[in-house]
Amino acid sequence: ACAMALARVSPAPSAARAACQAYHRLLNEQSDSTVKSAALDRLLEARRVERPAGGVEESALELARALASSDARVRRKTLELVMELVDPHNASQVVLMLRNEMAKWIDAGCEHNLEYQQALVRAIRQLVGKFPGAAGSVVHLLGNVLEGDDALSALEVAFLLRETAETHAELRDCVLQTLVACFERIRWPRVHACAMWIMGEYSTEISAIRAALAAIKAAMGPLLGSDDEEEGVGDRGGAARCTHVSTSGTSSSSLGALVKAGDFFLGSVVATTLTKLALRTYETEASPDAKNRALADAMLCIIRTLRLGESHAAAA
């Protein structure tokens, strides 16, 4: 309180800087969450006064250490303050730091921290939108969120990748490689749909097209397998057992299992994406055999999806 009082009455920037340094020491040296929370409140107040606060703007990365606190209130206030302090000079470092913080909580597997994980993903997306130069430091590191247990975080990352591919042509290859690498392990229908849209829209080079086709084919699994694997296509209950329900009550599973269980909107996205990729293969591929194979695979998947639809309608 004394530090803030001195900063208020003194017009000198050095007074504000000294006050901020005092609060930084409290954050770093005190283990009491109440003290840390109070120090963060004062730093937020110092940041929001009309004249420059001196030492606050320069300390985003230093303040971010408080994200390691086990107290959710301290983490929330720290994230709020760090977001206000980001500038073009430290944006890439802050984004990478937030991504590492998110990875720590994902690896810990704490379901009660999903809200904090979602806040970190939103913060990363917001910073990448505000400071486009920071996108390259984090895009290739987000695959584990796409394939994670939290649907909201995964969808937020999918939207971030879509926006990055649209606005940063130089990062499209990185976005596509990230999606291809984790596509088979994605578990959420809307994330599948967004990822396929990105691959269908931005896979223009033959190597990217081949990689996208292979990823979708692997994720569809038995639907692109042998005819013997179509046994029980009409068994709606058996197909439904291929999925499981998360703690949020939203069904998740592999792409092929979701389509087989009756998600035919997702099946239509698969068909559309395969058609786009197959036609693009036909335009860019030199080998006639490769052209015919791509078209045949796309038609096979579409036909089997239609047959699944007919069997579900008949069962209903």
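Read on for a plain summary of the structure. All chains use their own residue numbering, which begins from 1 and follows the written sequence. With pLDDT at 70 or above as the cut-off, local features in this predicted model cover only qualifying residues; side-chain atom pairs require 80 or more to be listed or tallied, and sums for whole chains, interfaces and linings still use all residues. The side-chain numbers reported here are obtained from all heavy atoms of the structure, hydrogens and water having been left aside.

### Some points on the overall build of the protein chain
Inclusion rule: Put simply, DSSP H or I for four residues or longer makes a helix, DSSP E for two residues or longer makes a strand, and each gets a number counted from the N terminus. With a 1.4 Å probe rolled over the protein chains alone, any residue whose accessible area is under 20% of its type maximum counts as buried; one over 50% counts as exposed, and the rest are partly exposed. Values of accessible area rely on a 1.4 Å probe in the Shrake-Rupley scheme; residue burial ignores everything except the protein chains shown.
Helix and strand counts for the protein chain stand at 16 helices and two strands. Relative to its full complement of 316 residues, the protein chain shows a buried share of 47%. Working note: accessible area of the protein chain is about 15,400 Å², and carbon and sulfur atoms make up 54% of it.

### Points about the pattern of salt bridges
Which entries qualify depends on this criterion: Each salt bridge in this description consists of a side-chain nitrogen of Lys or Arg and a carboxyl oxygen of Asp or Glu lying within 4 Å of one another.
Inspection of the entire model under this criterion finds nine salt bridges. In this structure, Arg185 engages Glu147 in a salt bridge whose closest nitrogen and oxygen atoms are separated by 3.2 Å. Of this pair, Arg185 sits in the loop between helix H10 (172-182) and helix H11 (189-202) while Glu147 sits in the loop between helix H8 (143-146) and helix H9 (151-167), and the two are 38 residues apart along the sequence. With a relative accessible area of 46%, Arg185 lands in the partly exposed category. Given a relative accessible area of 24%, Glu147 falls into the partly exposed group. Note that Arg187 and Asp149 form a salt bridge whose closest N and O atoms lie 2.1 Å from each other.

### Let's talk about the environment of Ala214
Mapped onto the elements of the fold, Ala214 is located in helix H12 (residues 206-220). Overall, Ala214 belongs to the partly exposed group, its relative accessible area being 45%. For the pair Ala214 and Ala294, spaced 80 residues apart in sequence, the C-alpha separation works out to 10.0 Å.

### Topic: the side chain of Asn90
Put simply, the rule reads: Between N or O atoms, a polar contact is any pair within 3.5 Å; within protein, one atom must be a potential hydrogen donor and the other a potential acceptor, and residues adjacent in sequence are included only when both atoms are from side chains. Whether two residues are in contact is decided by their heavy atoms, any of which lying within 4.5 Å being enough.
Considering the arrangement of structural elements, one finds Asn90 in the loop between helix H5 (72-85) and helix H6 (91-108). For Asn90, the side chain forms a polar contact with the main-chain nitrogen of Asp87, separated by 2.9 Å. If we ignore the near neighbours within four places in the chain, the residues touching Asn90 are Ala60 and Leu85.

### Here's the deal with the packing of aromatic side chains
Applied cut-off: A pair of Phe, Tyr and Trp rings is counted when the ring centres sit within 6.5 Å of each other, with Trp represented by its six-membered ring. The angle between the planes then sorts it: under 30 degrees is stacked, over 60 is edge-to-face, the rest tilted. Put simply, a charge is over a ring when the Lys NZ or the Arg CZ is close to the ring centre, within 6 Å, and near the line of the ring normal, within 35 degrees.
Taken as a whole, this structure holds one aromatic pair when the rule is applied. Between Trp197 and Tyr202, the ring centres sit 5.8 Å apart and the planes meet at 80 degrees, which makes this aromatic pair edge-to-face. Its relative accessible area of 10% is what places Tyr202 among the buried residues. Across from the ring centre of Tyr116, 4.5 Å away, lies the NZ or CZ of Arg75, which sits over that ring. The aromatic ring of Tyr282 is capped on one face by Lys291, whose charged end is 5.1 Å from the ring centroid.

### Quick look at the packing of H9 against H10
The line we're drawing: An axis is simply a line fitted to the C-alpha atoms; with a helix, the fit covers only the stretch in contact. Between two such axes, the angle follows the N-to-C directions and lies from 0 to 180 degrees. Oblique is the label for any angle not covered by the other classes, which are roughly parallel (under 35 degrees), roughly antiparallel (over 145) and roughly perpendicular (65 to 115). Crossings are sorted by hand: turned counterclockwise from the far helix by less than a right angle, the near helix makes the crossing left-handed, and turned clockwise it makes it right-handed. Side-chain classes are defined by residue name, with Ala, Val, Leu, Ile, Met, Phe, Trp, Tyr, Cys and Pro counting as nonpolar, Asp, Glu, Lys and Arg as charged, and the others, Gly among them, as polar.
Relative orientation of the contacting elements H9 and H10 amounts to 150 degrees, with a least axis distance of 8 Å. Taken together, H9 and H10 sit at an angle that is classed as roughly antiparallel. Where H9 crosses over H10, the two elements pack in a sense that is left-handed. From H9, Leu161, Thr164, Ala165 and Glu166 reach across to H10, where they touch Arg172, Val175 and Leu179. In terms of residue class, the contact of H9 with H10 is built from four nonpolar, one polar and two charged.

### With respect to the nonpolar core
Defined as follows: In these notes, a set of buried Ala, Val, Leu, Ile, Met, Phe, Trp, Tyr and Cys residues joined through side-chain atoms within 4.5 Å is what counts as a nonpolar core.
By size, the foremost hydrophobic cluster in this structure holds 86 residues, and its most contacted members are Leu98, Leu146, Phe183, Met196, Ile198, Ile216 and Leu255. Each residue touching Phe183, except ones within four places of it in the same chain, is listed here: His192, Ala195, Met196, Met199, Ala215, Ile216, Ala219 and Leu255.

### Examining H10
Given 3.6 residues per helical turn, the α-helix brings residues three or four places apart onto the same face. Quick note on the threshold: The directions considered for the arc are those from the helix axis to the C-beta atoms.
All of the buried residues in H10 are Val175, Leu176, Thr178, Leu179 and Cys182. On an axial view of H10, the arc spanned by its buried residues comes to 160 degrees, and they lie on one face. Among the structural elements, H8, H9, H11 and H12 are those in contact with the buried residues of H10.

### Some points on H11
The cut-off we apply is this: Given a helix with a known number of residues, its expected span is that number minus one, times 1.5 Å.
With 14 residues, H11 ought to run about 20 Å at 1.5 Å a step, and its terminal C-alpha atoms sit 20 Å apart, in line with that. Burial analysis of H11 places ten of its 14 residues in the buried class, the great majority of the element. Of all the positions in H11, only Val191, His192, Ala193, Cys194, Ala195, Met196, Ile198, Met199, Gly200 and Tyr202 are classed as buried. Here the buried face of H11 lies against H8, H9, H10, H12, helix H14 (255-260) and helix H15 (264-284).

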